[in-house]
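One letter stands for each residue in the lines below.
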Amino acid sequence: MHLTANILHAQAWPAHYSALLVKKQCGDAVYSKYIAALFENRAKFKNADIQLSKADMDTAFADIAEGCGLLGGEFSRAEFLDKCSNWKQGHVWAAYGEFKEALALGVFGIPKHIVDGVLLTCTESVWGVEEWRAKLADVPAETARAAAAAEAAAKKAAELAAKLAAP
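Every chain's residues receive numbers from 1 upward, in the order its sequence appears when written. It should be noted that, the model being predicted, local features are given only for residues of pLDDT at least 70 and side-chain atom pairs only at 80 or more, the latter also being counted only at that level, while totals for whole chains, interfaces and linings use all residues. Only hydrogens and water are removed before side-chain values are computed, so all heavy atoms of the structure are retained for them.

(A) Up close: the state of the cysteines. Two cysteine sulfur atoms form a disulfide, by the criterion used here, when they sit within 2.5 Å. If you walk through the whole model with that rule in mind, you get zero disulfides. Free cysteine: C26, not disulfide-bonded; nearest cysteine sulfur from C68 at 9.7 Å. Relative accessible area serves as the criterion here: at 28%, C26 is assigned to the partly exposed category. Between buried and exposed lies partly exposed: a residue is buried under 20% and exposed over 50% of the maximum accessible area for its type, with that area taken using a 1.4 Å probe on protein chains only.

Listed below in structure tokens is the structure:
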């Protein structure tokens, strides 16, 4: 599974790069725990009545990370706040690249399902194995090859973003 920011939600972009920071610092298992905590605590940062500054949003994400026991020891709250929205850190560039790739693939809302770089249409999050088997059988081989080429281009773009983010 891969998650990316949704352009319809202004807070999704900073939530996405904060999650990539957690993944970079703590690994996949902790990343999954943080994603779950973001969804459980989204009222703290996603509300039409709340107008948070970037610093306030970073603080909300640090509160969420701290609340589920992710901060402390080698990854402190101060380090989280210092790195969260810092463009000199690779995770922000990675999030930006993923966001742009999603837009290029036509992801403008949720849920969307992309398999091997192919945006599948008319899919549902509640599908079981049989529905997915039927849907995936319909994906033409040439589309899969085109998706592989797009993925290679995205990888090159990510490599370039990493070079640009390096000090």
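There is more to say, and it comes next.
(B) Region of the structure containing the packing of helix α2 (residues 28–40) against helix α3 (residues 54–67). Each axis is a line fitted through C-alpha atoms, and for a helix only the stretch in contact is used; angles between axes span 0 to 180 degrees, taken between their N-to-C directions. Here a helix means four or more residues in a row that DSSP labels H or I, a strand means two or more in a row labelled E, and each is numbered from the N terminus. At a closest axis distance of 9 Å, the pairing of α2 and α3 adopts a crossing angle of 120°. Of the possible angle classes, the one that applies to α2 and α3 is oblique. As α2 packs across α3, the resulting crossing turns out to be right-handed. Note on element contacts: α3 touches α2 through F61, I64 and A65, opposite Y34, A37 and L38. Any angle between 65 and 115 degrees counts as roughly perpendicular, while under 35 counts as roughly parallel, over 145 as roughly antiparallel, and the rest as oblique. Crossing handedness is read from the near helix: turned anticlockwise from the far helix by less than a right angle, it gives a left-handed crossing, and turned clockwise, a right-handed one. Whether two residues touch is decided by their heavy atoms; if any such pair falls within 4.5 Å, the residues are in contact.

(C) Layout of the nonpolar core. Buried residues of nine kinds, namely Ala, Val, Leu, Ile, Met, Phe, Trp, Tyr and Cys, make up a nonpolar core once their side-chain atoms join them within 4.5 Å. Counting 26 residues, the largest nonpolar core has Y34, L38, F45, F61 and F80 as its most contacted members. Setting aside its immediate chain neighbours within four residues, F45 contacts Q11, A15, L38, L52, A60, F61 and I64.

(D) A look at the packing of helix α1 (residues 12–26) against helix α5 (residues 90–104). Relative to each other, α1 and α5 sit at 130°, their axes nearing to 8 Å. One finds that α1 runs oblique with respect to α5. The element α1 and its partner α5 pack so that their crossing is right-handed. Counting all contacts with α1, which are made through W13, H16, Y17, L20, L21 and K24, the residues of α5 involved are G90, H91, V92, A94, A95, Y96, E98 and F99. Ten residues, namely Ala, Val, Leu, Ile, Met, Phe, Trp, Tyr, Cys and Pro, are considered nonpolar, four, namely Asp, Glu, Lys and Arg, are considered charged, and the remaining ones, Gly among them, are considered polar. Residues that form the contact of α1 with α5 fall into these classes: nine nonpolar, three polar and two charged.

(E) Local environment of the side chain of S18. The topology assignment puts S18 in helix α1. By relative accessible area, S18 is classed as buried at 0%. Here the side chain of S18 touches A15 through a polar contact of 2.8 Å, landing on its backbone oxygen. With sequence-adjacent residues up to four places away left out, S18 is seen in contact with Y34, L38, F61, F80 and C84. Polar contact criterion, stated in full: a pair of N or O atoms within 3.5 Å, where within protein one must be able to donate a hydrogen and the other to accept it, and residues adjacent in sequence count only if both atoms are side-chain atoms.

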